[in-house]
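Overview (structure and organization)
Below are the chains, spelled out letter by letter.
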Amino acid sequence: CGQYFYQQGYHKLVTVGQDFSFGWGSVGGVVRTFSDAGGTVVKQIWHPIGVADFSPYIAQIEQAKPDIVFIEESGGDAVKFIQAWSQFGLKGKIKLVTNETALDQSVLNAMGPAAMGIESCAHYAEGRQSPDTQDFVNKYYANYHALPSYYAADMYTAAQILDKAIQAVHGNVTNVSEFLKAVDAVNLTATPMGPEKMGPYGNPILNIYLRKVVAGPHNLMWNEVVKTWNNVSQFWTYNPQQFLKEPVYSRQYQGIKGK
């Protein structure tokens, strides 16, 4: 997503993230691709999980004068940040993009109108107009009277992978090495998230979506697909061998050249 938004004309980035490994990694991927494309990371803001008041962080963003802000948030922090963003008048004034969990169905509809129109980068979009996705969404809603989050879609797809692997070894999972080979060989063409297969480093290769919050079915908001990057690995376009020699994303290391 970082490279894409630089190409759209956004050149000064501020990031906000929860101060732990998931936050560092989510932000690091965007920061690296944005800066590698030529963008300037003006400021990075980290905060503890469970912030009571986001106004000090909003003030720091305004002072930095970015043209785009990327946030990683989850749970109650996501709801509070998005609402604060709107309440302080920054919605529509500065471009805001989020990670997947910040606008997930587990929190999205608690945000109210403040979330409408905001874009996010994710490997699942419940508003994706594909029979594979919509069949899953409709059956989930029929059973639970809610739209499925990415957590539900992930676990459903993981179960699909395990089912295919178990069939491949004819139910004999006692030979762990053979079973894991079968898992690695699974190539799914139809899941709620799109096609998925395992890469040579044991992580999935799957689609990444740029999503936008819009009005969905059942008087609920959902994420529709704006753009799709097909068959993306954990390394994006970087050389895997070189990438693995670098530090893991952290507070200190965000993939910015020279830092």
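For the structure itself, consult the block above.
Overview of the structure. (Residues numbered from 1 in each chain as written. Predicted model: local features only at pLDDT ≥ 70, side-chain atom pairs only at ≥ 80, totals over all residues. Heavy atoms only, no water.)

**A word on helix H4 (residues 75–87)**
Between its first and last C-alpha atoms H4 spans 19 Å; for 13 residues at 1.5 Å apiece the expected length is 18 Å, and the two agree. If you check which residues of H4 are buried, you get Asp-77, Ala-78, Val-79, Phe-81, Ile-82, Ala-84 and Trp-85. On its buried side, H4 packs onto strand E1 (12–18), strand E2 (40–47), helix H3 (55–64), strand E3 (68–72) and strand E4 (95–98). (Helix = DSSP H or I, 4+ residues; strand = E, 2+ residues; numbered from the N terminus. Expected span 1.5 Å × (residues − 1). Buried < 20%, exposed > 50% of the residue type's maximum accessible area, 1.4 Å probe, protein only. Contact = heavy atoms within 4.5 Å.)

**So, the packing of aromatic side chains**
Under the counting rule described, the total for this entry stands at 17 aromatic pairs. Here Tyr-249 and Tyr-253 contribute two aromatic rings whose centre-to-centre distance is 6.1 Å and whose plane-to-plane angle is 15°, an arrangement assigned as stacked. Judged by its relative accessible area of 17%, Tyr-249 falls in the buried class. The exposure class assigned to Tyr-253 is buried, which follows from its relative accessible area of 15%. Taken together, Tyr-201, Phe-235, Tyr-238, Phe-243, Tyr-249 and Tyr-253 form an aromatic cluster joined through their ring pairs. A cation over a ring is seen here: Arg-32 above Tyr-238, with NZ or CZ 4.3 Å from the ring centre. (Phe/Tyr/Trp six-rings, centres within 6.5 Å; stacked < 30°, edge-to-face > 60°. Lys NZ or Arg CZ within 6 Å of the ring centre and 35° of its normal.)

**A closer look at the state of the cysteines**
Under the defined criterion, the tally for this structure stands at one disulfide. The side chain of Cys-1 participates in a disulfide bridge whose partner is Cys-121; the two sulfur atoms lie 1.7 Å from each other. Taking the sign of the S-S torsion, about -125° here, the bridge from Cys-1 to Cys-121 comes out left-handed. Residue Cys-1 is located in the segment before helix H1 (2–7), and its partner Cys-121 is located in strand E5 (residues 119–122); the two are separated by 120 residues in the primary sequence. Taking the relative accessible area as the measure of exposure, Cys-1 reaches 24% and is therefore partly exposed. (Disulfide = S-S within 2.5 Å.)

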